[in-house]
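# Tertiary structure, described
Here's the letter readout for the chains.
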Amino acid sequence: MLHIEQFEVGQSYVTAKVENRYGDIVKINIEAGRLGIELQETLFKIKGRRPRLAYVMTTINDTGKILVRKLPVIGVKDWLLIYEEDLFLLAVKDAYDEVDIRIVD
């Protein structure tokens, strides 16, 4: 579970920072557009694996509803990059503050 302190809104994306298990700050970037996710190695135990799918889950603050998205893993980057329209729009509204991501080989 990644706890997000605050989203910064750009023109076509939102960014946030989270702390990885080593105490380092890692950038999250959420964009609309094509569906997919690019993982960040220090946030996940990938160890050379190439996961196929990731399930991204969050609870909407105002309603308590749970949003779940199944996204193909596009690759691995220096930051966590999520491409998903609803997560982007809800982040712009600051409608959630935690994201749970489960990867599947």
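Structural notes, computed from the coordinates. (Residues numbered from 1 in each chain as written. Predicted model: local features only at pLDDT ≥ 70, side-chain atom pairs only at ≥ 80, totals over all residues. Heavy atoms only, no water.)

For the rest of this paragraph, the subject is the packing of aromatic side chains. This structure, assessed with the given rule, holds 1 aromatic pair. On the numbers, 5.4 Å between centres and 70° between planes, the contact of Phe7 with Tyr96 is edge-to-face. Residue Phe7 is located in the loop between strand S1 (2-3) and strand S2 (8-9), and its partner Tyr96 is located in the loop between helix H1 (85-92) and strand S9 (98-104); the two are separated by 89 residues in the primary sequence. Classification of Phe7 by relative accessible area gives buried; the value is 9%. (Phe/Tyr/Trp six-rings, centres within 6.5 Å; stacked < 30°, edge-to-face > 60°. Helix = DSSP H or I, 4+ residues; strand = E, 2+ residues; numbered from the N terminus. Buried < 20%, exposed > 50% of the residue type's maximum accessible area, 1.4 Å probe, protein only.)

Together, Tyr55, Ile66, Val68 and Val104 make up a nonpolar patch on the protein surface, roughly 330 Å² of accessible area in all. Within the fold, Ile66 resides in strand S7 (residues 66-77). Classification of Ile66 by relative accessible area gives exposed; the value is 62%. (Patch = residues over 30% accessible without salt bridge, like charges linked within 9 Å, V, L, I, M, F, W, Y side chains within 5 Å. Areas by Shrake-Rupley, 256 points an atom, 1.4 Å probe, with all protein chains shown as cover. Salt bridge = Lys/Arg side-chain N within 4 Å of Asp/Glu carboxyl O.)

Our next topic: the sheet that holds strand S6 (residues 53-59). The mixed open sheet is built from 9 strands, whose spatial order is S1-S9-S6-S7-S5-S8-S4-S3-S2. At either end of the open sheet lies a strand with only one pairing partner, and these are S1 and S2. Pairing geometry for strand S4 (residues 25-31) and strand S8 (residues 80-83), over 4 bridges, is parallel. Across the sheet, residue Glu31 finds its bridge partner in S8, namely Tyr83. (Pairing = 2+ DSSP bridges.)

Looking now at the side chain of Glu38. Tracing the sequence through the fold places Glu38 in strand S5 (residues 36-40). Of note is the side chain of Glu38, whose polar atom sits 3.4 Å from the side chain of Tyr83. Once residues lying within four places of it in the same chain are set aside, the contact partners of Glu38 are Ile74, Gly75, Lys77, Trp79, Leu80, Leu81 and Tyr83. (Polar contact = N/O pair within 3.5 Å; in protein donor to acceptor, adjacent residues only side chain to side chain. Contact = heavy atoms within 4.5 Å.)

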